[in-house]
Structure formats: C-alpha cells, structure tokens
Amino acid sequence: AQKITQTQPGMFVQEKEAVTLDCTYDTSDPSYGLFWYKQPSSGEMIFLIYQGSYDQQNATEGRYSLNFQKARKSANLVISASQLGDSAMYFCAMREGPHNGGATNKLIFGTGTLLAVQP
Amino acid sequence: DGGITQSPKYLFRKEGQNVTLSCEQNLNHDAMYWYRQDPGQGLRLIYYSQIVNDFQKGDIAEGYSVSREKKESFPLTVTSAQKNPTAFYLCASSTSGTGVAYEQYFGPGTRLTVT
C-alpha cells in the first residue's frame, strides 16, 4: 500500500542553522513523484520542492534541497540557513505514476512535522 | 493574479444542516481536489475531479458531495450524514495528465465548525 511516514512530530532549530526533516515512503510503482509542502499557521499549503523517481540528481530550490535516497525510500527535506519565517508545519507527499493507476494526480500526505525556528 | 479562492474562511453551522464550501480557480487547471485536515493529521482526500462533469470519490467521501459544472468551480457540500464535519477543508487544483511532476496548488482553506 502507498504510504508516507514522517516520524518527527516536532523539531526545533536555531536561526541560521540547517535542519533536516525526515520522510520515508512506500510504493511498488517504479514511477512516482515526491513533494514537500509548507503550511504556515494561516493554513494555506505552499509547494516547496519536487523530486521525481527517475531524477538522477537531488532537487534544490533556493534554501530547500531534497536528500533523495531511492534504495532506502527516503526523501528528506533539508532547509539551510533557517529563518524565523520557516516556522510552520511541513508535509511530505507522494504521487504515484500511471503504472499503478496513479494517473489521477492524487497525492498521499504524511502527518507532518512542526518546525519551530528559535532566534 | 492566478490562484484559488475559498470562501468563507470560517464557517459555523448547527448540527443537521447541510453546508456548501466554495472553491474557485483561475489557473486553467483541469483537475481539482478537496481535502480534509484534522488536528495533528495530514490531508485526506475527499473527492477529486479531473475534468468538467466528472468526479471520483477519494478516501473519505462518505457524508460529502461535489459537483463540477464549470472548469473553474468545484463546490463541496458537507451533508448532515457526515458524522464529524468539524475540520479544516482545503481545495486544490493541478494540471491533469499522466506525468508525476504536476504539483497541486492550494487555496487558503475553510475552517468549518459544527455545533
């Protein structure tokens, strides 16, 4: 069964330091996509970064990078130089490819990690 | 500016009443989705639609209904049959297709409280 696991309910990080948020996934489909979203206290989900299962390199977007370890089925989000505005919930999500009927664009979400950046 | 609007942001209803949550997008996306979020949990899919006049049940469709008469609009009705309707509801849209790289764009959400 498809599943996303985020084992860290909450984390603290000092401003300007780097932090890694863990995400493991389970799928039998060779083609899939992994997404990270940020949810501030306002509630809106903000797309951060995407990694495709066939991508050879780890995805990067500004201060965000994705540490993709396919054999371990992990897709950890790394935030460098944390800022106070990074305090939010972070969700890992997966979309399966069409091989397993995943052509619906449905996303499966983890339970999230609450990140608090301390000054 | 392109985006997704949901209204209202906060909604209060009495138990036993149906309530409709609005979702409109001007991103020209074919696919639209409704999620429910409860405290301490991730998002769970209620319904989704990949094209006008077509929609499918998600993982927790019981007690909900939707319509997709226009590409831009995907309203969600929370019926009196939904046993625990109090939650945060998020609408999203995306490009439709078989590629896996299509991120979903989310609206600001509606917080529904039923007493």
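For the structure itself, consult the block above.
Residue indices follow the written sequence of each chain, beginning from 1 at its first position. Here every chain gets a letter starting at A, and every ligand a number starting at 1, in the order they are written. With pLDDT at 70 or above as the cut-off, local features in this predicted model cover only qualifying residues; side-chain atom pairs require 80 or more to be listed or tallied, and sums for whole chains, interfaces and linings still use all residues. Calculated side-chain values reflect all of the structure's heavy atoms, with hydrogen atoms and water omitted.

S.K.: An account of the overall build of chain A is requested, with residue identities and associated values reported.
M.R.: Regarding its fold elements, chain A presents zero helices and twelve strands. Traced from its N-terminal end to its C-terminal end, chain A shows the element sequence β-β-β-β-β-β-β-β-β-β-β-β. Only the C-alpha atoms count toward the radius of gyration. The rule for a globule is 2.2 Å times the residue count to the power 0.38. Whereas a compact globule of 119 residues would reach a radius of gyration of roughly 14 Å, chain A reaches 14 Å, a difference of no more than 12%. Along the three orthogonal principal directions, the C-alpha set of chain A runs to about 45 × 30 × 20 Å. Within chain A, buried positions represent 50% of all 119 residues. To qualify as a helix, a DSSP run of H or I must reach at least 4 residues; to qualify as a strand, a run of E must reach at least 2; elements of each kind are numbered from the N terminus. Any residue under 20% of the maximum accessible area for its type is buried, any over 50% is exposed, and the rest in between are partly exposed; the area is computed with a 1.4 Å probe on protein chains only.

S.K.: How would you explain the pattern of salt bridges if you had to name every residue and give the values?
M.R.: Pairs can form between side chains of opposite charge once their charged atoms are near each other. Just to be clear on terms, a salt bridge is a Lys or Arg side-chain nitrogen sitting within 4 Å of an Asp or Glu carboxyl oxygen. Counted by the stated rule, this structure contains five salt bridges over all chains. Through salt bridges with shared partners, one network takes in Arg36, Asp38 and Arg44 of chain B.

S.K.: Can you tell me about the pairing of strand β8 (residues 64-69) of chain A, naming the residues and giving the values?
M.R.: Residue and element names in this part refer to chain A. Only one face of β8 is covered, namely the face carrying Tyr64, Leu66 and Phe68; the face carrying Ser65, Asn67 and Gln69 is uncovered. Two strands are counted as paired when DSSP detects at least two bridges linking them. In the sheet, strand β7 (residues 60-61) pairs with β8 via two bridges, with the strands oriented antiparallel. Opposite threonine 60, over in β8, you have serine 65 as the bridge partner. The loop that links β7 with its antiparallel partner β8 comprises two residues; one of these, glycine 62, has a positive phi angle of about 60°. Hairpin geometry of β8 and strand β9 (residues 74-79) is characterised by an intervening segment of four residues between the two adjacent antiparallel strands and by a positive phi of about 50° at lysine 73.

S.K.: So, the interface of chain B and chain A: which residues are in play, and what are the values?
M.R.: What makes two residues a contact is simply this: any of their non-hydrogen atoms within 4.5 Å. Taken together, the contacts link 28 residues of chain B with 25 residues of chain A. Buried area adds together the accessible area that both of two parts lose upon being put together, with accessible area traced by a 1.4 Å probe. Summed over both sides, the interface between chain B and chain A buries roughly 2000 Å², with carbon and sulfur atoms accounting for 55% of that surface. Viewed at the interface, chain A and chain B are joined by zero salt bridges. When contributions to the side of chain B that touches chain A are tallied by element, the ones reaching two or more residues are β4 (31-37), β5 (43-51) and β9 (87-94) of chain B. Across the side of chain B that touches chain A, the residue classes break down as 13 nonpolar, 13 polar and two charged. Polar here means any residue outside two lists: the nonpolar Ala, Val, Leu, Ile, Met, Phe, Trp, Tyr, Cys and Pro, and the charged Asp, Glu, Lys and Arg; Gly therefore counts as polar.

S.K.: Can you tell me about the environment of serine 82 of chain A, naming the residues and giving the values?
M.R.: Residue and element names in this part refer to chain A. Note that serine 82 resides in the loop between β9 and β10 (88-96). Residues contacting serine 82, with those up to four places away along its chain left out, are Val13, Gln14, Glu15, Lys16, Glu17, Val19, Arg63 and Val117. Two N or O atoms count as a polar contact when they lie within 3.5 Å, although within protein this holds only if one can serve as hydrogen donor and the other as acceptor, and sequence-adjacent residues are included solely when both atoms are side-chain atoms. Within the local environment of serine 82, its side chain forms a polar contact with the backbone oxygen of glutamate 17, the two atoms lying 2.7 Å apart.

S.K.: Summarise the side chain of glutamine 25 of chain B; cite the residues concerned and give the values.
M.R.: Residue and element names in this part refer to chain B. Along the chain, the position of glutamine 25 falls in strand β3 (residues 19-25). On the basis of relative accessibility, which here comes to 3%, the residue glutamine 25 falls in the buried class. Reaching out from glutamine 25, the side chain makes a polar contact with the backbone oxygen of histidine 29 at a distance of 2.8 Å. Excluding its chain neighbours within four sequence positions, the residues that come into contact with glutamine 25 are Gly3, Ile4, Met32, Arg68, Lys71, Glu72 and Ser93.

S.K.: How would you explain the nonpolar core if you had to name every residue and give the values?
M.R.: Residues and elements named next belong to chain A. Residues Tyr25, Leu34, Trp36, Ile49, Leu77, Tyr90 and Leu115 are the most contacted members of the largest nonpolar core, which totals 25 residues. Only β2 (10-14), β3 (19-21), β5 (32-39), β6 (46-52), β8, β9, β10 and β12 (113-118) provide two or more residues apiece to this core. Of the residues forming this core, the biggest block, four residues, is contributed by β10. Here, nonpolar core refers to any group of buried Ala, Val, Leu, Ile, Met, Phe, Trp, Tyr and Cys residues whose side-chain atoms link them within 4.5 Å.

S.K.: Quick rundown of the state of the cysteines? Include the residues and the values.
M.R.: Two cysteine sulfur atoms make up a disulfide if the distance between them is within 2.5 Å. Throughout the structure, instances matching the rule amount to two disulfides over all chains. Bridging cysteine 23 of chain A to cysteine 92 of chain A, the disulfide has an S-S length of 2.0 Å. Disulfide cysteine 23 of chain A-cysteine 92 of chain A: the torsion about the S-S bond is -65°, which places it as left-handed. Here the residue cysteine 23 of chain A occupies a position in the loop between β3 and β4 (24-26), and cysteine 92 of chain A occupies one in strand β10, the gap between them amounting to 69 residues. Assessed through its relative accessible area of 1%, cysteine 23 of chain A is described here as buried. Note on cysteine connectivity: cysteine 23 of chain B is disulfide-linked to cysteine 91 of chain B, with sulfurs 1.8 Å apart. Note on the cysteine 23 of chain B and cysteine 91 of chain B pair: the S-S dihedral is about -70°, so by sign convention the disulfide is left-handed. Here the residue cysteine 23 of chain B occupies a position in strand β3, and cysteine 91 of chain B occupies one in strand β9, the gap between them amounting to 68 residues. Given the relative accessible area of 0%, cysteine 91 of chain B is considered buried.

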